[in-house]
Amino acid sequence: QVQLVESGGGLVQPGASLRLSCAASGRTFRSYHMGWFRQAPGKEREFVAGISWNSISTDYADSVKGRFTISRDNAKNTVSLQMNSLKPEDTAVYYCAADRSLKGLGTREEEYDYWGQGTQVIVSS
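Bear in mind that the values here come from a model prediction, so they are computed numbers and not experimental data. Residue positions are given per chain, counted from 1 along the sequence in the order it is written. At least 70 in pLDDT is required for a residue's local features to be given in this predicted model, at least 80 for side-chain atom pairs to be given and counted, and no such filter applies to totals for whole chains, interfaces and linings, which use all residues. Only hydrogens and water are removed before side-chain values are computed, so all heavy atoms of the structure are retained for them.

### Some thoughts on the state of the cysteines
Selection criterion: By convention in this document, the label disulfide applies to cysteine sulfur atom pairs within 2.5 Å. Here a strand is any run of E in DSSP of at least two residues, a helix any run of H or I of at least four, and the numbering for each starts at the N terminus. Throughout, exposure labels follow a simple rule: accessible area from a 1.4 Å probe, protein chains only, divided by the maximum for the residue type, with under 20% read as buried, over 50% as exposed, and the rest as partly exposed.
Under the criterion given, the structure shown has 1 disulfide. Disulfide pairing places C22 opposite C96 at an S-S distance of 2.1 Å. Linking C22 and C96, the disulfide has an S-S dihedral of approximately -80° and is accordingly described as left-handed. A residue pair is termed long-range when its members are at least 10 positions apart, and C22 in strand β3 (residues 18–24) and C96 in strand β9 (residues 92–99) qualify at 74 residues. Residue C96 is classed as buried on the basis of its relative accessible area of 0%.

Listed below in structure tokens is the structure:
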């Protein structure tokens with residue numbers, strides 16, 4: 001079992017940067033793949049970025065490639081999402097998720113077992 005708590009959301013202007021963090025409890029964090037998803041108003045939750053348990057593999061949605069960077073620190077049980085050049089369409093609730101399976105890094109919601117409560121990001125002038 002792992003509990004996830006996101007932080008770092010807020011209101012920013014287009015072009016600004018924001019760094020989201022996810023703090024995980026439990027000793028098994030370091031063996032989980034981790035992901036960030038987001039859900040905009042009126043839309044389904046979508047994959048944003050993922051990182052393998054050992055940080056060797058990462059994956060990004062096309063819409064954020066080159067702007068967002070996912071990273072993790074297994075010693076501190078944290079995973080982060082650095083978001084640069086933010087756009088209004090990045091406005092959403094961002095969720096941290098953990099995948100306890102030993103399969104490859106996933107991009108679908110159903111591949112993740114544990115979820116945080118989310119943190120709101122609003123990009124607006």
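Picking up after the structure, the text goes on.
### Description of the pairing of β3
Put simply, the rule reads: What makes two strands pair is DSSP finding at least two bridges between them.
With burial as the criterion, only one face of β3 is covered, namely that bearing L18, L20, C22 and A24; the residues R19, S21 and A23 on the opposite face remain uncovered. Note that strand β1 (residues 4–7) and β3 share 4 bridges and pair antiparallel. Across the sheet, residue L4 finds its bridge partner in β3, namely A24. Alignment of β3 against strand β8 (residues 78–83), held across 6 bridges, turns out to be antiparallel. The partner of L18 across the bridge, within β8, is M83.

### Section: the sheet that holds strand β7 (residues 68–73)
Stated precisely, the cut-off is as follows: Whenever a helix is involved, its axis is fitted only over the stretch in contact; in every case the axis is a line through C-alpha atoms, and angles between N-to-C directions fall within 0 to 180 degrees.
Read across the open sheet, the 4 strands follow the order β1-β3-β8-β7; overall the sheet is antiparallel. Edge positions in the sheet fall to β1 and β7, since each has one partner strand and no second. Averaged over all neighbouring strand pairs, the angle between strand axes comes to 15°, with direction disregarded.

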